[in-house]
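Structural features, examined
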2 protein chains.
Amino acid sequence: MTEFELIQQYFAQIGRQRDDVVVGVGDDAAVCSVPGNHELVVTTDLLIAGVHFPDNTPAHAIGYKALAVNLSDLAAMGATPAWFTMTLSLPESNASWLQEFSQGLGELADASGITLIGGDTTRGALAVGIQAYGFVATGSAILRSGARAGDCIFVTGHLGDAALGLLGESGELALSADEQKIFSRRLRYPTPRNQEGMTLRGVASAMIDVSDGLAADLGHILEASRVGASVRLMDLPVSPRYRDRLEQVGMDPALAGGDDYELCFTVPPERIERCRELAAAWTCGVAEIGSIEKDPGLRVLDEAGHPYESARAGYNHFSS
Amino acid sequence: MTEFELIQQYFAQIGRQRDDVVVGVGDDAAVCSVPGNHELVVTTDLLIAGVHFPDNTPAHAIGYKALAVNLSDLAAMGATPAWFTMTLSLPESNASWLQEFSQGLGELADASGITLIGGDTTRGALAVGIQAYGFVATGSAILRSGARAGDCIFVTGHLGDAALGLLGESGELALSADEQKIFSRRLRYPTPRNQEGMTLRGVASAMIDVSDGLAADLGHILEASRVGASVRLMDLPVSPRYRDRLEQVGMDPALAGGDDYELCFTVPPERIERCRELAAAWTCGVAEIGSIEKDPGLRVLDEAGHPYESARAGYNHFSS
C-alpha cells in the first residue's frame, strides 16, 4: 500500500466535514478559516510506544488516547476544538492495526467535532504525534497565569482512577477483574473535558488539565501565577470504586497520580456562584478542593487540618 | 535536564518575536492571531533518522532541513510563513547535539520570519516532526488542482543537484571533493522558495514543491487538475556543476531525482508576461520547461522532440 492509499483508506474520513476547512488532506498543506475576532489555539503531543503506552496496548486505545490528550490541552485553554493534524510512524503497514487505530481516533474525533486536515505517515518505530487546533474569542483563552490569592480551586470529575488502573496492571495492587476493567478504561479512554472547559471562559481565572498528577499540575498554575495554595486532601474527588479501596491505597494516587485528564481551575470569589450554576449541568461533576493564597508553595492538609505527609513510601513513584 | 529546562535552554528563543503570538511556549497550548480576511495554511512533515537522513547527518543539518521541507510546503501554497510547532524524540539529552540542532533550526527560522510557538520533547528513537503555519489572503492559496490546458510550466532554480549529492555520497558516482561539497550542500541545505511562492499568488494557476522529483511532483499537479503535459527534457534547469557532469549522468537526476525543493508551477498565457516581470527579481532564476495539455499523462520530449526513454537502467531507482 502506498502512503497515499493508506491515507485515503484509513484517514481521509476522520471527523465530520467542516465548512471552515477550505482544503483538507491531499495538497501541499491544508487551508482553513479562523472565524473573525477569534484567536487560534495550537497544541501538540507525541506518544511513543514503550514510553507513553505499553507495547501491547490495543490500537483502538492508542488512536483514542493520542487525540484525547490533545483535546484535553484545548479544554484547559477553554478552546472550541476545530481541526487536527497527525504524524504517524509505523514499523509496518498492518491493515488490522490501522483499521482499529483509525476507528479509535475517529470515534473521539466525531464526538468532539474535530476533523483531520493533514499529516504525514512514515516507516519507523511506532509513534503518534497529534497537533490539535481550536478557537477562542480574542483575549478569552484561560491561561495558567491568572490565579490570584482568594480564588477557589476546583477539579472536574474524579482523580486517581487511572493511577489505580496502572497499579493494577503492573501487579502492584490486587484488583478484582471488574475493578481492573473499570480503572483500566479510565487509564486508556480518558474523557477530555472540552464542553466544561468552554463554558468556563470568562469564569475561571486559571486552568490546566491534570495529566501529571494534581499536585504537579496545580503547581504549574501556582508557578505561572506567582501564588501558593492550600488543598484539603479529603476533598479531592474520588470515584465510588476508588473509595472502596481508600483504606488500602490512601489519597496519594488522587493527589499525585497522572493520566486522569480532568480540569483543575481557579475561580475568583465573585464568580463562584456563576461557576456553580454552570457546573450543575456537567455530568462529570465538580469539587471545590482548596484556595489560592499569597504565600508560594502548595500546602496539602489532612482531615485534622495538619500538613499531610504520605505514609506510604511505596507511592513515591507518583511524585513528579 | 528536565523537559522544561531543555525547552528553555535550546528552543525558547527560536525565531523572532512576533506580535501575532499571544501565548507562546509554556502553557497548555499556544494562542495566536490570524489576520482578518486571511486563511491559515497548515503543513506537517516527520523526519526519522535512518529513513529520511543517514544516522551520521550533522545535527545542524537535521534541524535546518526539518524546517526547510515544511517551509517549502508553505511556499508551494503561496503562503507567508508565520509559526511552527515541533515534536522531537531523542534517544538521550545530548547537549552538543541539541546546541547544533537548535542552531540549524534557528538560523532558517530567523531568515524566514517564522517562530516556534510550541512542541513536545520525549525520549525515543531520533525523529523530528515539524508543523508549519502560514497565511494567505482568503481564496488566494495556490493549489495543485488549478492547471488548465494551454498553461506554461515553470521551475525555479536548478534541478538534480541534490540527487547528484546523494549519488556521490553513496559511492555510485565519483565526484571531486569540491563537487561533492557543493552537491551535498544542496542536499542538506535546500533553500525553500517562500518569497518566490508568495509573489506568485494571483499569477500561478497551480503549484507544488519538487521533493520527490519533478516527474512525480508535476504528476501530482496533472492528476489533481485532470490534465496532461509535455516537458522538454533539455529545458530542465541544471546548475553549471551539473552541466559539467551532464554527459556522464544524463538528465534523469534532474527529471526524477528528489530533494531539490524548487517550485514547479503553471501560468495561464495571459499572465506569463507578469510572471516574467516578477521572476526577473528572483536570484534563483526560473525556467519554462513545457506546457499543460488536455491529454492525460506526462510526455517527456528529447532534443529531437521524440518521446524520451531513459538510457541508463542504473538510474531506475529515481523513478518513484
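Residues numbered from 1 in each chain as written. Chains lettered and ligands numbered in written order. Predicted model: local features only at pLDDT ≥ 70, side-chain atom pairs only at ≥ 80, totals over all residues. Heavy atoms only, no water.

A few words on the side chain of D252 of chain A. Residues and elements named next belong to chain A. Relative to the helices and strands, D252 resides in helix α10 (residues 252-256). With relative accessibility at 7%, the residue D252 sits in the buried group. Within the structure, the side chain of D252 is placed 2.4 Å from the side chain of Y308, a separation counted as a polar contact. (Helix = DSSP H or I, 4+ residues; strand = E, 2+ residues; numbered from the N terminus. Buried < 20%, exposed > 50% of the residue type's maximum accessible area, 1.4 Å probe, protein only. Polar contact = N/O pair within 3.5 Å; in protein donor to acceptor, adjacent residues only side chain to side chain.)

Our next topic: the packing of aromatic side chains. Throughout the structure, instances matching the rule amount to 17 aromatic pairs over all chains. Centroid distance W83 of chain B to Y133 of chain B: 6.3 Å. Interplanar angle 50°. Geometry classified as tilted. Taken together, the residues W83 of chain B in strand β4 (residues 80-90) and Y133 of chain B in strand β6 (residues 127-137) connect sequence positions 50 residues apart. Relative to F265 of chain B, the ring of F154 of chain B lies with its centre 5.5 Å away and its plane at 15°, an arrangement referred to as stacked. A residue pair is termed long-range when its members are at least 10 positions apart, and F154 of chain B in strand β7 (residues 152-156) and F265 of chain B in strand β10 (residues 263-267) qualify at 111 residues. Overall, F154 of chain B belongs to the buried group, its relative accessible area being 1%. Of the aromatic side chains, those joined through ring pairs into one cluster are W83, Y133 and F135 of chain A together with W83, Y133 and F135 of chain B. For the cation-ring pair, R185 of chain A lies above Y189 of chain A, with the distance from its terminal atom to the ring centre recorded as 4.5 Å. (Phe/Tyr/Trp six-rings, centres within 6.5 Å; stacked < 30°, edge-to-face > 60°. Lys NZ or Arg CZ within 6 Å of the ring centre and 35° of its normal.)

What follows concerns the side chain of D217 of chain B. All names here are of chain B. One can find D217 in helix α7 (residues 214-225). No salt bridge is formed by the buried D217, whose closest oppositely charged neighbour, R144, lies at an N-O distance of 6.0 Å. Discounting chain neighbours no more than four positions away, the residues touching D217 are I208, D209, V210, S211 and D212. (Lys, Arg positive; Asp, Glu negative; His and termini not counted. Salt bridge = Lys/Arg side-chain N within 4 Å of Asp/Glu carboxyl O. Contact = heavy atoms within 4.5 Å.)

Further remarks concern the sheet that holds strand β5 (residues 115-123) of chain A. If you trace the six strands from one edge of the open sheet to the other, you get β5(A)-β4(A)-β6(A)-β3(A)-β2(B)-β1(B), paired in mixed fashion. Each end of this open sheet is capped by a strand with a single partner; those strands are β5 of chain A together with β1 (21-23) of chain B. The mean angle between the axes of side-by-side strands here comes to 20°, regardless of whether they run parallel or antiparallel. Summarising the sheet, strand β3 (residues 38-48) of chain A and strand β6 (residues 127-137) of chain A pair through eleven bridges and their orientation is antiparallel. Residue pairing across strands places L40 of chain A opposite F135 of chain A, the latter belonging to β6 of chain A. Across the sheet, helix α3 (residues 95-112) of chain A touches β4 (80-90) and β6 of chain A, and the angle it forms with β4 of chain A is around 170°. (Pairing = 2+ DSSP bridges. Axes fitted to C-alpha atoms, helices over the stretch in contact; angles between N-to-C directions.)

In the superposition of chain B on chain A (RMSD 0.0 Å, axial shift 0.0 Å), the rotation amounts to 180°. Expressed as an axis order, the relation between the two copies is that of a two-fold axis. (Least-squares fit on C-alpha atoms with pLDDT ≥ 70 in both.)

With that settled, the discussion passes to the interface of chain B and chain A. Size of an interface, as often reported, equals the accessible area lost when the parts are brought together. Facing the 46 residues of chain B at the interface are 46 residues of chain A. Here chain B packs against chain A, burying approximately 3500 Å² in sum over the two surfaces, 58% of which is carbon and sulfur. At the boundary of chain B with chain A, the tally comes to four salt bridges. Here D27 of chain B and R144 of chain A are joined by a salt bridge, their closest N and O atoms 3.5 Å apart. Put simply, chain B and chain A have 17 residue pairs in polar contact (both at pLDDT 80 or more) between them. Contributions of two or more residues to the side of chain B that touches chain A are made by β1, β2 (30-33), β3 (38-48), α2 (59-77), β4, β5 (115-123), β6 and β8 (206-209) of chain B. It is β3 of chain B that contributes the most residues to the side of chain B that touches chain A, nine residues altogether. Taken together, the residues of the side of chain B that touches chain A break down into 24 nonpolar, 13 polar and nine charged. Here β3 of chain A runs beside β2 of chain B; their pairing, made up of four bridges, is antiparallel. Its bridge partner being in β2 of chain B, V41 of chain A is matched across the sheet by V31 of chain B. (Buried area = accessible area lost by both parts, 1.4 Å probe. Nonpolar A, V, L, I, M, F, W, Y, C, P; charged D, E, K, R; others polar.)

The next point concerns the confidence of the model for chain A. Averaged over every residue, the pLDDT of chain A is 92; residues scoring 70 or more account for 96%. For the stretch residues 313-320 of chain A, pLDDT sits under 50, and the model shows 14 contacts to residues farther than four places along the chain or on other chains. (pLDDT = per-residue confidence, 0-100.)

Here we take up the pattern of salt bridges. Counted by the stated rule, this structure contains 30 salt bridges over all chains. E262 of chain B is the salt-bridge partner of R193 of chain B, the closest N and O atoms lying 2.8 Å from each other. Residue R193 of chain B is located in the loop between α5 (177-188) and α6 (194-199), and its partner E262 of chain B is located in the loop between α10 (252-256) and β10; the two are separated by 69 residues in the primary sequence. Judged by relative accessible area, which is 10%, R193 of chain B ranks as buried. One connected set of salt bridges, linked through shared partners, spans D161, R186, R193, D260 and E262 of chain A.

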